[in-house]
Amino acid sequence: MDHVTHIINNTQWKGTAERHGTVYNPATGEISATVDFATAVEVDLAVQAAASAFATWGTTSISRRTEIMFRFRELLSARRAEVAQRVSAEHGKVLNDALGEVSRGIEVVEFACGIGQLIKGEFSENVSTGIDSYSIRQPLGVVAGITPFNFPAMVPMWMFPVAIACGNTFILKPSEKDPSTAVFLAGLLKEAGLPDGVFNVIHGDQMAVEAILDHPGIAAVSFVGSTAVAHAIYERSARAGKRVQALGGAKNHMIVMPDADMDIVADAAVNAGYGSAGERCMAISVLVAVGAAGDLIVEKIRERVANLKVAPATDPAADMGPLITREHRDRVASYLDSGVKEGAVLAIDGRLHQIDGDPGGYWLGPSLFDNVMPQMEIYRNEIFGPVLSMLRVADLDEALALIKSNPYGNGAAIFTNDGATARRFQTEAEAGMIGINLPIPVPVSYYSFGGWNQSLFGDLHIYGPDGVRFYTRAKAVTARWTGISHTQTLNFPTNS
Ligand code: NAD
């Protein structure tokens, strides 16, 4: 059995941690590893290491920082299969899906390789006679990232490549449910030549997180996880005077107009609803059938679901793996009962789906509810599993109103063949990321990722240009090197 521990100053922390967690193989239910849980003591050691590394890393040349990022990118690319295998083993998602998340993480590293271009300031000559003004962006210092279980490679890479390329030093607290990918990434960063202490990994639960939020040596916190925790993190970090961005949960709607190609719609709904067992923040969980679209969608999804292979990631033919924990699997399954009780039609019951895996695994096949109403629990809550809910509405106005009244606002998609309808949707949909004829509109790394409303607390989105803004602070300089004379005036300085 593996033992996963903290990485402080590029070395495994050999202290005697009193608290541990257990990591399971979700495809079998067997214990695969134990993981040390940090207290404020280990967090403080990581902050000390990161603070001491910042003294040199913060002023290390852009060219050297870029060189290390490039090397990290090459190592990641060469060893992406190993990263993906780790993700699959602890998370349960199928290998191709895990490879996809690694690729999207690599794209952020590639973005960070362009830091020389991204971090440029502005310069204005002669803003007043003989006076120039310019702006520079400087790193914040020690920053931290707290990440969820569902993307153990990609979500940390939404954060640390940009933070480190900007000159900060980083403490990552990955999910305790699948912690070893973070340790593997730390090894690659070390191999790429990243100096000791620039990237540290601290494992644990709420105690470790709160020690991070309260530590005065940490300047900023990036969080990705569920909404309730995101909100608490936002409040506590802000109270401690930290810069914070806290991305929360989601309930992403996919609107289907009657003019859409229903085969494309059904493919998209199945891919985006059941991929990664629905454990994606950008998963589609709500289908909104406008007008006559509904009946056809149900039949076409049913045909496709019948062919889905639910099996462990080690099976090359697997389409969908298990859920993350037994408790989570049971919680998701309980929504199948609650939806029926509230009057929704369970058109596809995932509990009846054939499972080609160990009976000890946390399995649940894909489900589809039809005739869902907005007041039902299955609509109001984030289920975060392979359960699609379909609502039927009369027109686009009603579909847009549904999205607007939903508390989340991560992604929203529309399927239509009409440009004017799509354009109206893009303008009016109350969500941070919009898909037109594609269901999972995760922005490329040179745009930024972020939802609205209860899906993000904070002012800046993550990675991309907003990531650079988040991990740097601006300074404006006004300089005079000519025409300096002895004048004395207490008046407010004016330009001439
Ligand atoms: P989670 O909120 O339970 O955990 C996220 C992180 O917070 C973990 O590192 C965990 O150890 C820590 N944590 C958990 N409870 C805590 C508490 N009470 N106090 C302090 N820290 C705590 O989320 P999860 O179950 O790991 O991930 C799934 C959730 O993440 C879903 O809601 C999903 O929508 C969301 N998510 C959102 C995005 C996005 O971009 N908006 C991306 C991925 C996942």
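The preceding data block contains the structure.
These notes cover the structure that comes with them. (Residues numbered from 1 in each chain as written. Predicted model: local features only at pLDDT ≥ 70, side-chain atom pairs only at ≥ 80, totals over all residues. Heavy atoms only, no water.)

Overview of the overall build of the protein chain
Along the protein chain, the regular secondary structure elements total 16 helices and 21 strands. Relative to the compact-globule value of 23 Å for 496 residues, the protein chain shows a C-alpha radius of gyration of 24 Å, a close match. Reported as C-alpha extents along the three principal axes, the dimensions of the protein chain are approximately 85 × 55 × 40 Å. The 496 residues of the protein chain split such that 56% are buried. In the protein chain, the share of contacts with a sequence separation of at least 24, taken over all contacts with a separation of at least 6, comes to 72%. Element-wise, carbon and sulfur atoms account for 52% of the exposed surface of the protein chain, whose accessible area totals about 20600 Å². Across the protein chain, the centroid of the 40 positively charged side chains sits 6 Å from that of the 53 negatively charged ones. (Helix = DSSP H or I, 4+ residues; strand = E, 2+ residues; numbered from the N terminus. Rg over C-alpha atoms; globule rule 2.2 N^0.38 Å. Buried < 20%, exposed > 50% of the residue type's maximum accessible area, 1.4 Å probe, protein only. Contact = heavy atoms within 4.5 Å. Areas by Shrake-Rupley, 256 points an atom, 1.4 Å probe, with all protein chains shown as cover. Lys, Arg positive; Asp, Glu negative; His and termini not counted. Charge placed at Lys NZ, Arg CZ, Asp CG, Glu CD.)

Things to note about the pattern of salt bridges
Counted according to the given criterion, the structure contains 29 salt bridges. A salt bridge links Arg-304 to Asp-267; its shortest N-O distance comes to 2.5 Å. With Arg-304 in helix α11 (residues 294-306) and Asp-267 in helix α10 (residues 262-274), this pair connects stretches of sequence that are 37 residues apart. Classification of Arg-304 by relative accessible area gives buried; the value is 18%. A relative accessible area of 35% means that Asp-267 is categorised as partly exposed. (Salt bridge = Lys/Arg side-chain N within 4 Å of Asp/Glu carboxyl O.)

Digging into the nonpolar core
Grouped burial of nonpolar side chains is what soluble globular proteins tend to show. Trp-158, Phe-170, Phe-199 and Phe-449 are the most contacted members of the largest nonpolar core, which totals 69 residues. For this core, the leading source of residues is helix α6 (residues 154-165), giving 10 residues. Formed jointly, this core draws a minimum of three residues from each of two domains, domain 1 (2-249 + 451-477) and domain 2 (252-436). Those residues in contact with Trp-158 that lie beyond four places of it in its chain are Val-108, Val-224, Leu-247, Phe-449, Ile-462 and Tyr-463. Counting 63 residues, the second largest nonpolar core, distinct from the first, contains Val-286, Trp-363, Ile-378 and Ala-429. (Core = buried A, V, L, I, M, F, W, Y, C linked by side-chain atoms within 4.5 Å. Domains from an automatic or database assignment.)

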